[in-house]
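What follows is each chain in one-letter form.
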Amino acid sequence: MTPLLELENITKDFGGVRAVDGVSFSLEPGTRTALIGPNGAGKTSLMNILSGLVMTDQGSIRLNGQRVET
């Protein structure tokens, strides 16, 4: 089964600060997943990347097997 969402090696820097560093995971249809971590861990930055508000510096995102421009 093709994952609903796949992230591979997503990286984002803001100035000299790396907010997201090599994040990779996949979500299968019908599953529930949580994104947790301490303040400053990059959760909001990752959500902004997934929503298209922020472009990645590196990595790829696929939705239903189709690559999404990042």
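As the structure is a prediction and not an experimental result, all values here were calculated from the model.

(A) Quick look at the confidence of the model for the chain. Here the chain shows a mean pLDDT of 94. Residues at 70 or above account for 100%. Summarising per-element confidence for the chain, the mean pLDDT is lowest in strand E4 (residues 66–68) (93) and highest in strand E1 (residues 5–14) (97).

(B) Local environment of the packing of aromatic side chains. One pass over the full model with this rule turns up 0 aromatic pairs. Directly above the ring of Phe14 sits Lys12, whose terminal nitrogen or CZ lies 5.2 Å from the centroid.

(C) Up close: the pattern of salt bridges. Inspection of every chain in the model, using the stated rule, returns 5 salt bridges. The closest approach of N and O atoms between Arg18 and Asp13, which form a salt bridge, is 2.7 Å. Its relative accessible area of 27% is what places Asp13 among the partly exposed residues. Shared partners join several salt bridges into a network, and the residues in it are Glu6, Glu8 and Arg62.

The rules we used
Residues numbered from 1 in each chain as written. Predicted model: local features only at pLDDT ≥ 70, side-chain atom pairs only at ≥ 80, totals over all residues. Heavy atoms only, no water. pLDDT = per-residue confidence, 0-100. Helix = DSSP H or I, 4+ residues; strand = E, 2+ residues; numbered from the N terminus. Phe/Tyr/Trp six-rings, centres within 6.5 Å; stacked < 30°, edge-to-face > 60°. Lys NZ or Arg CZ within 6 Å of the ring centre and 35° of its normal. Salt bridge = Lys/Arg side-chain N within 4 Å of Asp/Glu carboxyl O. Buried < 20%, exposed > 50% of the residue type's maximum accessible area, 1.4 Å probe, protein only.

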